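# Structural description and commentary
Listed below are the residues making up each chain.
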Amino acid sequence: MEVKIGVQHAPRELVVDTDDSADQVQQLVAEAVSNATVLTLTDSKGRKLVVPAAKIAYVEIGGGVVGQVGFRS
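Let me begin by describing the structure that accompanies this report. Since the model is a prediction, treat every value here as computed from it, not as a measurement. Sequence positions are assigned chain by chain, starting from 1 and proceeding in written order. Confidence filtering applies because this is a predicted model: local features only for residues at pLDDT of at least 70, side-chain atom pairs given and counted only at 80 or more, and all residues used for totals across whole chains, interfaces and linings. Where side-chain values are given, they derive from all heavy atoms of the structure, hydrogens and water being excluded.

### Here's the deal with the pattern of salt bridges
In plain terms, the rule: Here, a salt bridge means any Lys or Arg side-chain nitrogen found within 4 Å of an Asp or Glu carboxyl oxygen. Type-normalised accessible area, obtained with a 1.4 Å probe on protein chains alone, sets the label of each residue: buried when under 20%, exposed when over 50%, and partly exposed for intermediate values.
All chains considered together, the criterion is met by 2 salt bridges. Close ionic contact of E13 with K4 constitutes a salt bridge, the shortest N to O distance being 4.0 Å. Judged by relative accessible area, E13 falls into the partly exposed class, the value being 32%. Owing to a relative accessible area of 21%, K4 belongs among the partly exposed residues under this scheme. Among the ionic pairs, D43 bridges to R47, the shortest N-O distance being 2.8 Å. Looking at D43, the relative accessible area reads 13%, which means it is buried.

### Things to note about the pairing of strand 2 (residues 14–17)
Under the convention used in this document: If DSSP finds at least two bridges between two strands, the strands pair. Secondary structure elements follow DSSP: runs of H or I of four or more residues count as helices, runs of E of two or more count as strands, with numbering from the N terminus.
Of the strand pairs in this sheet, strand 1 (residues 2–7) and strand 2 are connected by 4 bridges, and their pairing is antiparallel. Following the sheet pairing, I5 is matched in strand 2 by L14. Hairpin connection between strand 1 and strand 2: a loop of 6 residues separates the two successive antiparallel strands, and H9 in this loop has a positive phi of roughly 65°.

### Comments concerning unusual backbone geometry
One non-glycine residue, H9, lies in the positive phi region at around 65°. The residue H9 is located in the loop between strand 1 and strand 2 in this model. Backbone geometry places A36, a non-glycine residue, at a positive phi of 55°. Within the secondary structure layout, A36 lies in the loop between helix 1 (22–35) and strand 3 (38–42).

Keep in mind that these numbers describe shape and distance, not what the molecule does.
Next up, the structure:
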């Protein structure tokens, strides 16, 4: 599942490829924003991404990466 996170005052968005479902990601975002904490996502390689909820401009939850060309490790 591909998740794009827009961060306030940042020119580029963060893109995370995660194994979580769309519902799980939506729940994590909602909890982080409502509690004014941090959003923590784990990508498909096991790395963690931590974003302060107060700085999140938007979150786009996509259907995944299909037909990717090139090498992937």
